[in-house]
Amino acid sequence: MAGKKGTNLGNENALKFRTPEARRELCERYCEHLERGLSKESFIDCDPQTFRKYMEKYPSDFDTQKVQQAERKCRLFWEEMGVEMALHGQGNATIWIFNMKNRF
């Protein structure tokens, strides 16, 4: 049974990012997205499962360390916001707490 369009990497015709250059650009955009504090789920180019499948199938096109660093920067983005709220009392702590619980 075929998977959703773009997620069945066993079917080369379903690949959206066919070239190494396209996959490297995907990785770059993904990392930039996360570093801005945005979630994996809101990455518009592909869903998180598809991204991971590309990473597994084409490891030379994805800088694993850079992806891991981007994931840490995403968390840092939100933790720094919490520190600012704790030190300066600016922001909505309830919203921040729920965001952190749901995100991490």
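These figures come from a predicted structure and were not determined experimentally. (Residues numbered from 1 in each chain as written. Predicted model: local features only at pLDDT ≥ 70, side-chain atom pairs only at ≥ 80, totals over all residues. Heavy atoms only, no water.)

Visitor: Please give an account of the overall build of the chain that cites residues and values.
Guide: Of regular secondary structure, the chain possesses four helices and zero strands. Reading the chain from its N terminus to its C terminus gives the helix and strand order α-α-α-α. With 104 residues in all, the chain has 32% of them scored as buried. When the accessible surface of the chain is summed, it comes to about 7200 Å², and 53% of that surface belongs to carbon and sulfur atoms. (Helix = DSSP H or I, 4+ residues; strand = E, 2+ residues; numbered from the N terminus. Buried < 20%, exposed > 50% of the residue type's maximum accessible area, 1.4 Å probe, protein only. Areas by Shrake-Rupley, 256 points an atom, 1.4 Å probe, with all protein chains shown as cover.)

Visitor: Hey, could you go over the pattern of salt bridges for me, with residue numbers and the actual values?
Guide: Under the definition given, this model contains nine salt bridges. A salt bridge links arginine 75 to glutamate 79, with the nearest nitrogen and oxygen atoms 2.6 Å apart. Of this pair, arginine 75 and glutamate 79 both sit in helix H3 (residues 64-88), four residues apart, which is roughly one turn of the helix. The class for arginine 75 is partly exposed, based on a relative accessible area of 37%. What makes glutamate 79 partly exposed here is its relative accessible area of 34%. Each of the salt bridges in this network shares a partner with another, and the network as a whole consists of Arg23, Arg24 and Asp61. (Salt bridge = Lys/Arg side-chain N within 4 Å of Asp/Glu carboxyl O.)

Visitor: So what's going on with the packing of aromatic side chains? Which residues, and what values?
Guide: According to the stated counting rule, one finds six aromatic pairs in the structure shown. When the ring of tyrosine 30 is compared with that of phenylalanine 43, the centres are 5.2 Å apart and the planes differ by 85°; the resulting orientation is edge-to-face. A residue pair is termed long-range when its members are at least 10 positions apart, and tyrosine 30 in helix H1 (residues 20-35) and phenylalanine 43 in the loop between H1 and helix H2 (48-57) qualify at 13 residues. You'll find tyrosine 30 and phenylalanine 43 in the same group, each marked buried. Seen in terms of ring centroids, phenylalanine 51 and phenylalanine 62 are 5.4 Å apart; in terms of plane orientation they differ by 85°. Their pairing is edge-to-face. (Phe/Tyr/Trp six-rings, centres within 6.5 Å; stacked < 30°, edge-to-face > 60°.)

Any functional reading would require information that these geometric values do not contain.
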